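# Chains, contacts and geometry: an overview
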Amino acid sequence: MNKNLKKSGRKIFKKISLYSKRVHRDGQEHIKENLIDHISHIKDVRLYILEWILLVTVIILLSITQAYWYLNSFAVETYTNGGTYTEATLGKINSFNPLFASTSSEETLSRLLFATLSANDYSGHTGLGLAETIHANDAGDVWTVKLREGLKWSDDQPITNTDVLYTVKTIQSTRIKTSFAAKLVGVTAVENEQGELIFTLSSPNAFFEGSLDIPILPSHLLADVSPELLLENKFSNRPVTSGAFTVNATQNIGTEGEKIVYLTANSKYYKGTPMLDSFSIHAFNNLNDIKNAIRSGTVTATADLPSKFAQELSIGNINEYQNSVNYGVFAFFNTESPILKDKSLRQAIRLGLNFNNLRTGLSGELPLDYPLLESQVGSITFPSIPKTDVTTAKAEIERLKVATPDLASAKINIVTIKGNGYLEEFANRIASQLEGLGLHASVTTHESNKDFTLNILRPRTYDLLIYEIGLGADPDVLAYYHSLEAAEGGHNLSNYKNQVVNDLLLSARSTMDNNLRAAKYQKFLERWVEDVPAVGLYQTTLPYFVNRNVRAFSQENRLVTSTDRFIDIENWATKKTVKNRTP
């Protein structure tokens, strides 16, 4: 049987071999007949061959182009995680402790490094920060705060009620001076059994939520440090933070205080890790150095250059944002000045001032006529202010000169600070217009420093002050127009005293009903227009010069202060990538 199988196998193999040889021979003959024998005829059809090759090439190229276009039609350039952002700021950096921030550089760092209980939101109103909820009782004198769950410091320690209570106690200590102290006068804070913070006020305050925008300090590091030693503590140089960034390193440049602070994204930030890997603050001593840094591309952006630098920075890679902030420039009449204590003279001066001419040359700043903003008080009717009437104003001033002979020779001392936007320019324009009304006026400018505060602001050594004040997110202007603030150290820069106004402002602050509160503010505005303790000049803007290839704050955000630009800091970005959209 095996022999038969072998014999059959050999026959099959022999047949396959013969078939293979025949196929090979036929193939050779076919190639010779249909290809090799026709090569000699190529020259006769070479044009057709070339046309076919070109046609095939074009078809291939069009296919590739179509595929490339199709892919790109669904590709979009977008920002991604990573990159570094550098801001130029003005003023020295002496400490990272937010309680002692005084310069623009320090205030910027404070906002980047430390979170607050409450914070201004995208709409320009008081919102939530570290607090999950903030609510008041019906009377407005007891406020309950609950912290968010899972809050952590950059060293991974939990942020707790103990930190808040420690911070409040430290701010209230008489052994240190901090700008936050005025927010917590007459306030006691405790923790209840439910783990909530209870703030009890000495008097009702409908706006107390805005007073809780205080930066919280880590009690696990500072509880044993005496308040008067806080500024000298190592925390001032290497802080543990709760904000979007942590301190990585510092670099001193020269001996005049110029410094760069390098920050790293904080993965423990309660809003989430920022898209930026790092952020740098380059603190300069003067505006020209900031301008040069922007022009050269050494820094990414700055919020400290006035808009008058716009023309010098109108180069291809720089954008200028113009955002209004809740700050206003006013001409404050010293109502206790021998010259301006007469309301009739103040009214005549307001009547004679040509505000359109005064405001000529403003770059993005908005006219400001009242001490309150429409965004603060909603739908109230603002009282009318008499329109400029130079002839009537001159006649009234001449009448007052006859009634008060000393007025004819008296000189109105106009005071302002140097190098701050348009303040000097407005002071000189007002002086010129006063001269045109038949009055005498002189302008004195000062550096904005402690000497100015101690020697000019506190004793009110001026007749007319051109000055910028913060208006805040809420319409609470009690500090600027209540009689108790018309004292050395107070904020009533007009020395304005009116008992009806006192009652209106206190009542508005303590009224929780929005409609009733608005009615009180309307009556206050009527008194303000009548008594003329000040006249509004313009609402400040934040000129922000920034490299056009980065993403900074959204232009839709409503800013209350300049540092509110960091509301959405977690979304700022400098690094781009290409991503495909789903068809």
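Predicted model, so just to flag it, every value in this text is computed and none were measured.

The rules behind these values
Note on numbering: residues in each chain are counted from 1, in written sequence order. Totals for whole chains, interfaces and linings use all residues, but because this is a predicted model, local features are given only for residues with pLDDT of at least 70 and pairs of side-chain atoms are given and counted only at 80 or more. The basis for every side-chain value is the complete set of non-hydrogen atoms in the structure, without hydrogens or water. A pair of strands counts as paired when DSSP detects no fewer than two bridges linking them. Strands are runs of DSSP state E lasting at least 2 residues, helices are runs of H or I lasting at least 4, and numbering of each runs from the N terminus. Aromatic pairing here means that ring centres of Phe, Tyr or Trp (its six-membered ring) are within 6.5 Å. Orientation follows from the plane angle: under 30 degrees is stacked, over 60 is edge-to-face, and everything else is tilted. For each residue, the accessible area found with a 1.4 Å probe, counting protein chains only, is set against the maximum for its type, and the residue is called buried under 20%, exposed over 50%, and partly exposed in between. When a carboxyl oxygen of Asp or Glu lies within 4 Å of a side-chain nitrogen of Lys or Arg, that pair is called a salt bridge. Helix span, expected: 1.5 Å multiplied by one less than the number of residues in the helix. Think of it as the arc spanned by the lines of direction from the helix axis to the C-beta atoms. Definition of a polar contact: a pair of N or O atoms within 3.5 Å, with one able to donate and the other able to accept a hydrogen when the atoms are protein atoms, and with sequence-neighbouring residues admitted only if both atoms are side-chain atoms. Patches in this entry comprise residues that are over 30% relatively accessible and not in a salt bridge; like charges within 9 Å are linked, as are nonpolar side chains (Val, Leu, Ile, Met, Phe, Trp, Tyr) within 5 Å. Here the accessible surface of atoms and residues is derived via Shrake-Rupley with a 1.4 Å probe, and residues count as covered only by protein chains that are part of the display. A contact between two residues is defined here by any heavy atoms of the two lying within 4.5 Å. Note on geometry: axes are C-alpha line fits, over the in-contact stretch for helices, and angles between N-to-C directions span 0 to 180 degrees.

### Here's the deal with the pairing of strand 13 (residues 318-333)
Where strand 13 meets strand 18 (residues 534-547), 12 bridges bridge the pair, whose relative direction is antiparallel. Its bridge partner being in strand 18, Tyr321 is matched across the sheet by Tyr544. Relative to strand 17 (residues 464-470), strand 13 is paired through seven bridges, and the arrangement is antiparallel. Bridge pairing in strand 17 links Gly328 to Ile469.

### Digging into the packing of aromatic side chains
Tallied over the full model, the rule gives 23 aromatic pairs. Each ring, one from Tyr85 and one from Phe279, has its centre 5.2 Å from the other, and the planes form 25 degrees; the classification is stacked. In this pair, Tyr85 is assigned in strand 2 (residues 84-90) and Phe279 in strand 11 (residues 278-284), connecting sequence segments 194 residues apart. Taken individually, Tyr85 and Phe279 each receive the classification buried, so the pair is uniform in this respect. Judged by centre distance (6.0 Å) and plane angle (50 degrees), the rings of Phe114 and Phe235 are tilted. You can see Phe114 sitting in the loop between helix 3 (104-113) and strand 3 (118-120) and its partner Phe235 sitting in the loop between helix 6 (219-222) and strand 9 (245-253), a full 121 residues away along the chain.

### Focus: the pattern of salt bridges
Close approach of charged atoms allows side chains with opposite charge to pair. Under the criterion given, the structure shown has 18 salt bridges. Here Arg111 makes a salt bridge to Asp564, at a shortest N to O gap of 2.9 Å. With Arg111 in helix 3 and Asp564 in the loop between strand 18 and strand 19 (575-580), this residue pair connects regions lying 453 residues apart in the sequence. Judged by its relative accessible area of 1%, Asp564 falls in the buried class. Residues joined by salt bridges that share partners form a network here, namely Lys152, Asp156 and Lys268.

### Considerations on helix 16 (residues 514-531)
The end-to-end C-alpha distance of helix 16, which contains 18 residues, comes to 26 Å, matching closely the 26 Å that a straight helix rising 1.5 Å per residue would cover. Along helix 16, the positions that sit buried rather than exposed are Arg517, Ala518, Tyr521, Phe524, Leu525, Trp528, Val529 and Asp531. On an axial view of helix 16, the arc spanned by its buried residues comes to 165 degrees, and they lie on one face. Projecting away from the buried face of helix 16 at angles above 90 degrees are the exposed residues Asn515, Leu516 and Lys523. The N-terminus of helix 16 is capped by Asp513, whose side-chain oxygen sits 3.0 Å from the backbone nitrogen of Asn515. Where helix 16 ends, the next residue or the one after it, Val532, has phi of about 50 degrees, a positive value.

### Quick notes on unusual backbone geometry
Glycine aside, the phi torsion of most residues is negative, and most peptide linkages are trans. Backbone geometry places Asp156, a non-glycine residue, at a positive phi of 75 degrees. On the secondary structure map, Asp156 appears in the loop between strand 6 (142-147) and helix 4 (161-172). Look at Asp156 and you get partly exposed, because its relative accessible area is 38%.

### A few points about a nonpolar patch on the surface
Residues Trp52, Leu55, Val56, Ile59, Ile60, Leu61 and Ile64 make up a contiguous nonpolar surface patch of roughly 710 Å² in combined accessible area. Tracing the backbone shows Trp52 in helix 2 (residues 42-73).

### Some details on the side chain of Ser278
Residue placement: Ser278 occurs in strand 11. Among all residues touching Ser278, those that are not within four sequence positions of it are Gly83, Thr84, Tyr85, Phe245, Leu263 and Thr264.

### Re the sheet that holds strand 5 (residues 131-136)
Across the sheet, which stays open at both edges, the four strands sit in the order 5-6-8-7 with antiparallel pairing between neighbours. Two strands close off the open sheet at either side, each with one partner strand: strand 5 and strand 7 (187-191). Pairs of neighbouring strands in the sheet enclose a mean axial angle of 20 degrees, with direction left out of account. Relative to strand 8 (residues 197-201), strand 6 is paired through four bridges, and the arrangement is antiparallel. The residue of strand 8 that forms the bridge with Val142 is Thr200. The strands touched by helix 4 are strand 6, strand 7 and strand 8; relative to strand 7, the strand with the most contacts, the crossing angle is about 160 degrees.

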